[in-house]
Amino acid sequence: MPLEIVTVPCLSDNYAFLAHDAASGQTALIDAPEPGPILAELEARGWTLSHVLLTHHHWDHVDGLAGILERHPAKVIGAAADAHRLPPLDQQVSEGDTFEIGGEPVQVLDVSGHTVGHIAFYMPKSAVVFTADSLMALGCGRLFEGTAPQMWASLSKLAALPDETIVCSGHEYTQSNAKFAVTVDPNNAALQQRAADIDRARAAGEPTVPSTLALEKATNPFLRATDPVIQAHLGMENADPVAVFAEIRARKDRF
Ligand code: ZN
Ligand code: FE
């Protein structure tokens, strides 16, 4: 049985996630923006946290942790590289490490770029990856600490996961990401369809996260720096994908 994944909207536009294994009763929380909605969701479902997985040190992903641990004294797992600026960790992990939630393996991927030390958690049996502010729905995190080559390498690593992988990212930025995406990839029919779907979902108050990796690869310009049509549109035919990615990221920063 795959883990049951629950999306928990927090703050103004953050997402936390619960991953629950019915057989063992174990439940992991991925990121801790604020206690209120997360404690309420756990209460409503009668679940008790066994693990908290932290993706990176930004306040909007960790500030709720203390209030959550008061009620659910779970094991906190985060990046060894960021242990000095994360809340206290019970387990420090790095690229290539694997641990288990409810008997299911969880693989740690270094996805530095937004921050240096940002990690993603990939659960291959459930076909889900928690990417927070690295790969986002129709976007990617801003390069606050890392470089364009670093983020391109991180996104390429995520893009190599199976197409059916469910991408659980950290923010509801998708509608504004879509407005930008069509400026670099204006003739992409799949992108136009997705933009329309996003407008419909947001008008109905529905989240646009999670998505699938197949959809991101077809529509997310930050994964498409090797695409000849995008390269031509940018006047960068046959350019190094890192340079194309850097140009797309720079345009988004100015957008
Ligand atoms: Zn962040
Ligand atoms: Fe964030």
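Values in this document were obtained by computation on a predicted structure and should not be read as measured data.

A.B. asks: Go over helix H5 (residues 174-184), please, and point to the residues and values.
C.D. replies: Of the residues making up H5, those classed as buried are Thr 174, Asn 177, Ala 178, Phe 180, Ala 181 and Val 184. Lining the buried residues of H5 we find strand E12 (139-140), helix H6 (189-203), helix H8 (228-233) and helix H9 (241-254).

A.B. asks: Report on the sheet that holds strand E10 (residues 128-132), specifying residues and quantitative values.
C.D. replies: The mixed open sheet is built from six strands, whose spatial order is E7-E8-E9-E10-E13-E14. The outermost strands of the open sheet, each flanked by one partner alone, are strand E7 (98-101) and strand E14 (211-212). Note that strand E9 (residues 119-123) and E10 share three bridges and pair antiparallel. Its bridge partner being in E10, Met 123 is matched across the sheet by Val 128. On top of the sheet, helix H4 (residues 148-159) reaches strand E8 (104-110), E9 and E10; it is set at about 155° to E8, its chief contact.

A.B. asks: Quick rundown of the coordination of the zinc ion (ligand 1)? Include the residues and the values.
C.D. replies: Those protein atoms acting as donors to the zinc ion (ligand 1) are His 56 (NE2), His 58 (ND1), His 114 (NE2) and Asp 133 (OD), and they sit at 2.2 to 2.4 Å. Here the donor residues for the zinc ion (ligand 1) map to a single chain with the spacing H-x1-H-x55-H-x18-D. Here the zinc ion (ligand 1) and the iron ion (ligand 2) are spaced 3.1 Å apart, linked through Asp 133, which binds each one. Accessibility classification places His 56 together with His 58 in one group, the buried group.

A.B. asks: Give a description of the coordination of the iron ion (ligand 2) that names residues and reports values.
C.D. replies: For the iron ion (ligand 2), the full set of protein donor atoms is Asp 60 (OD), His 61 (NE2), Asp 133 (OD) and His 171 (NE2), at a range of 2.1 to 2.4 Å. On the primary sequence, the residues serving as donors to the iron ion (ligand 2) are separated as D-H-x71-D-x37-H.

Cut-offs and rules
- Residues numbered from 1 in each chain as written.
- Chains lettered and ligands numbered in written order.
- Predicted model: local features only at pLDDT ≥ 70, side-chain atom pairs only at ≥ 80, totals over all residues.
- Heavy atoms only, no water.
- Buried < 20%, exposed > 50% of the residue type's maximum accessible area, 1.4 Å probe, protein only.
- Helix = DSSP H or I, 4+ residues; strand = E, 2+ residues; numbered from the N terminus.
- Contact = heavy atoms within 4.5 Å.
- Pairing = 2+ DSSP bridges.
- Axes fitted to C-alpha atoms, helices over the stretch in contact; angles between N-to-C directions.
- Donors = N, O, S within 2.8 Å, 3.2 Å for Na, K, Ca; no water.

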